[in-house]
Amino acid sequence: MIELCSSQVPAAERFGWWRDLAAQSLLLTEISSDRTEDFHASVRISQLGSVLLGAPEFDGMKWVRTAQLIRRSDPELWMLTMVRSGSMWFRQGRDHAPLTAGDLVFYDTSRPFQAQILHQGGRARTITLHLPRKAMPLPDRLLRDQTSRAFSSQRGPAALLSQFMEQLLRQGPALGPADRARLETVAIDLSTVFLAAVADASRMVPSQTRQQALVRQIKSFVQHHLTHSDLSPVSIAAAHHISVRYLHHLFQQEEQTVGRYIRAQRLERCRTDLADGRQIGRSVAEIAARWGFVDAAVFNRAFRLTYGMPPGEYRRHASAGGA
């Protein structure tokens, strides 16, 4: 992951620096701002094979992509932007969309557009996936109908996609080449499922893509319900309107079981809490119970088998600065 910040250049040169950087590393547009004398911006860029993730943070600005700029340079991309803070106004063709924090907008680099983003008490922040047109399995005609619309990221495939984008941003520096190649496929699959859902065209999504997206959705559900004592294959299957048998089939394709996945996630949460000095007031048993382990003996055996030492010893080791 590349991280760049305008503080690296003199104040008078910062707006020009950002304009050139955005054109070279993100997308060729005309940028304007009322803060050109001392413009502040930073960006994190992560390349996942053919997919690029760009996450800028900047003062309020306006950017325009004209037909002339398109003739000069068109990477033929579909763009998916999520507003993380601030508010945004976007227009492409006859459609326009006002967006607030948490909203997604989809657009096309091969057609002119206008956008403006405002910050409210701080810098505006967005995340954008740059998706190659040829990599998307849905027809261009269908995708074009979804441009310049505001989509909430609070539920369904949109929530899964936005969580994935945030996770990419957090984990980017730790990703190796093999991770990036795998996540390129995940980014395209989740984007495809999201766009097919908003277009009411899920039947057009390849079955393998739907299955992989469903597995990610189930895993996200599990991670958000680890503290629930009734979390089980039955409750997970019911929440996703599938049979328990099909749920087990999905995880067999992943070469694991549902129960082992749940236990691994709970153990990792326990390990994190045991290493956290702020949790020192909680006993090992309390931490285990918080994350769904009702039997202390079962928890101790599972923790030792996974991490090589009992949980109490691990806590002492971590508090002493051990790895």
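Structural data are supplied above this passage.
Residues numbered from 1 in each chain as written. Predicted model: local features only at pLDDT ≥ 70, side-chain atom pairs only at ≥ 80, totals over all residues. Heavy atoms only, no water.

Peer 1: Quick one: what's the story with the sheet that holds strand β5 (residues 61–65), residue by residue and with numbers?
Peer 2: Across the sheet, which stays open at both edges, the five strands sit in the order β2-β5-β10-β7-β8 with antiparallel pairing between neighbours. For this open sheet the edge positions go to β2 (30–32) and β8 (95–99), each flanked by a neighbour on one side alone. Put simply, the sheet's adjacent strands are angled 10 degrees from each other on average, direction ignored. Where β5 and strand β10 (residues 113–118) come together, five bridges link them in antiparallel fashion. Pairing of K62 across the sheet is with Q116, part of β10. (Pairing = 2+ DSSP bridges. Helix = DSSP H or I, 4+ residues; strand = E, 2+ residues; numbered from the N terminus. Axes fitted to C-alpha atoms, helices over the stretch in contact; angles between N-to-C directions.)

Peer 1: A description of helix α1 (residues 14–25) should follow, citing residues and the corresponding values.
Peer 2: Its twelve residues give α1 an end-to-end C-alpha distance of 16 Å, which sits within 8% of 16 Å, the value for a rise of 1.5 Å per residue. Residues of α1 that are buried sit in contact with β1 (2–5), β2, β3 (41–48), β4 (51–58) and β5. (Expected span 1.5 Å × (residues − 1). Contact = heavy atoms within 4.5 Å.)

Peer 1: Provide a residue-level description of the layout of surface pockets, including the pertinent values.
Peer 2: Taken as a whole, the largest pocket spans an internal volume of roughly 800 Å³. Forming the walls of the largest pocket are 30 residues, and the residues nearest its centre are R182, L183, V186, R216 and K219. Looking at the lining of the largest pocket, the elements that each hand over two or more residues are α4 (156–171), α5 (177–198), α6 (207–224) and α8 (244–253). (1 Å grid on protein atoms, 1.4 Å probe; cavity = no way out; pocket = protein on both sides within 12 Å on 5 of 7 lines; lining within 4 Å. Points joined across faces, edges and corners; volume = space filled by probe spheres on them.)

Peer 1: Quick one: what's the story with empty space enclosed by the protein, residue by residue and with numbers?
Peer 2: Under the criterion given, the structure shown has one cavity of 30 Å³ or more. By volume, the largest cavity amounts to about 250 Å³. Along the walls of the largest cavity sit 19 residues, with L26, P56, W63, Y107 and T128 positioned nearest its centre. Listed by contribution, the elements that provide at least two residues to the lining of the largest cavity are α1, β4, β5, β6 (77–85) and β11 (124–132). Counted by class, the lining of the largest cavity contains 13 nonpolar, six polar and no charged residues. (Nonpolar A, V, L, I, M, F, W, Y, C, P; charged D, E, K, R; others polar.)

Treat this as a map of the structure, not an account of what it does.
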